[in-house]
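Structural features, examined
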Amino acid sequence: MSTDYSRALGARLRAIRNQQGLSLQGVEDKSHGRWKAVVVGSYERGDRAVTVQRLSELAVFYGVPVSELLPDPRPSSAVTSTTKIVLNLESLGSLPADEAGPLARYASTIQAQRHDYNGKVLSIRAEDLKSLAIIYDMSPDELTTRLIEWGVLNPGGMDGLGAAGADDEDDAWDRRRAPR
């Protein structure tokens, strides 16, 4: 097991434990000594290799699927945690509610929280895109493709390219989106 993978696996284990509000000692106490704090801590630091069997048992203990404990072996091709995603609210408003209703409600909520009612564009975080993907029952990459197809996300709209100030790529995108 590579050091990077061990650390990534450990970070997932720690995140799940923290989400459940457990300290390392809390894991030991809750498991009645089945999981020693020092062992779980060494898994989390990536100092100790965890077998598939033990990982499966930890998943049962935490009440999560084993897949939730495993780090993603590849980064998402569409979105990273620092990616700025700019939605075209004018295009969103022209879509049928049965398709875009969840996205429209989500965008409206963000606008209300920010007191941002410019009505043209809305920047969202990568985490927002992940949440929306769950609502739409698809991966973030699939949702990104869908948003581009709908005209809500400019293919250059990642990292803010679709915001104020059109460039050649934006003009070409606008021509593709124009009614024929």
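Structural notes, computed from the coordinates. (Residues numbered from 1 in each chain as written. Predicted model: local features only at pLDDT ≥ 70, side-chain atom pairs only at ≥ 80, totals over all residues. Heavy atoms only, no water.)

**Some details on the environment of Leu147**
One can find Leu147 in helix H9 (residues 140–150). By relative accessible area, which is 1% here, Leu147 ends up buried. Between the alpha carbons of Leu147 and Leu87 there is a distance of 8.5 Å; along the sequence they are 60 residues apart. Apart from the residues within four sequence positions on either side, Leu147 is in contact with Leu87, Leu103, Leu129, Val152 and Leu153. (Helix = DSSP H or I, 4+ residues; strand = E, 2+ residues; numbered from the N terminus. Buried < 20%, exposed > 50% of the residue type's maximum accessible area, 1.4 Å probe, protein only. Contact = heavy atoms within 4.5 Å.)

**Some points on the pattern of salt bridges**
One pass over the full model with this rule turns up 9 salt bridges. With a closest N to O distance of 2.6 Å, Glu44 and Arg17 form a salt bridge. On the criterion of sequence distance, the pair formed by Glu44 in helix H3 (residues 37–45) and Arg17 in helix H1 (residues 3–19) is long-range, its members being 27 residues apart. The residues Glu44 and Arg17 share a single accessibility class, namely buried. Salt-bridge contacts for Arg125 lead to Asp128; the nearest nitrogen and oxygen are separated by 3.0 Å. Via salt bridges that share partners, Arg14, Arg17 and Glu44 belong to a single interconnected network. (Salt bridge = Lys/Arg side-chain N within 4 Å of Asp/Glu carboxyl O.)

**Regarding the nonpolar core**
Residues Leu92, Leu103, Leu143, Leu147, Trp150 and Val152 are the most contacted members of the largest nonpolar core, which totals 21 residues. Counting residues per element, the ones that place at least two in this core are strand S1 (85–88), helix H6 (89–93), helix H7 (97–114), strand S2 (121–124), helix H8 (126–135) and H9. With 4 residues, H7 is the largest single contributor of residues to this core. Core analysis: the second largest hydrophobic core is formed by 17 residues, Ile16, Leu22, Val39 and Leu69 among them. (Core = buried A, V, L, I, M, F, W, Y, C linked by side-chain atoms within 4.5 Å.)

**Remarks on unusual backbone geometry**
For residues other than glycine, phi is negative in most cases, and the peptide bonds are mostly trans. Even without being glycine, His115 reaches a positive phi, approximately 55 degrees. Along the polypeptide, His115 turns up in the loop between H7 and S2. Given the relative accessible area of 65%, His115 is considered exposed. Unlike most non-glycine residues, Asp137 shows phi in positive territory, near 55 degrees. With respect to the helices, strands and loops of the structure, Asp137 is situated in the loop between H8 and H9. With a relative accessible area of 70%, Asp137 lands in the exposed category.

**Quick notes on H1**
Along its 17 residues, H1 runs 24 Å from first to last C-alpha, staying within 8% of the 24 Å computed at 1.5 Å per residue. Within H1 the residues assigned to the buried category are Ser6, Leu9, Gly10, Leu13, Ile16 and Arg17. Taken down its axis, H1 places every buried residue within 125 degrees of arc, on the same side. Turned more than 90 degrees off the buried face of H1, the exposed positions are Asp4, Arg7 and Gln19. Buried residues in H1 make contact with helix H2 (24–30), H3, helix H4 (52–62) and helix H5 (66–69). (Expected span 1.5 Å × (residues − 1). Arc of directions from axis to C-beta.)

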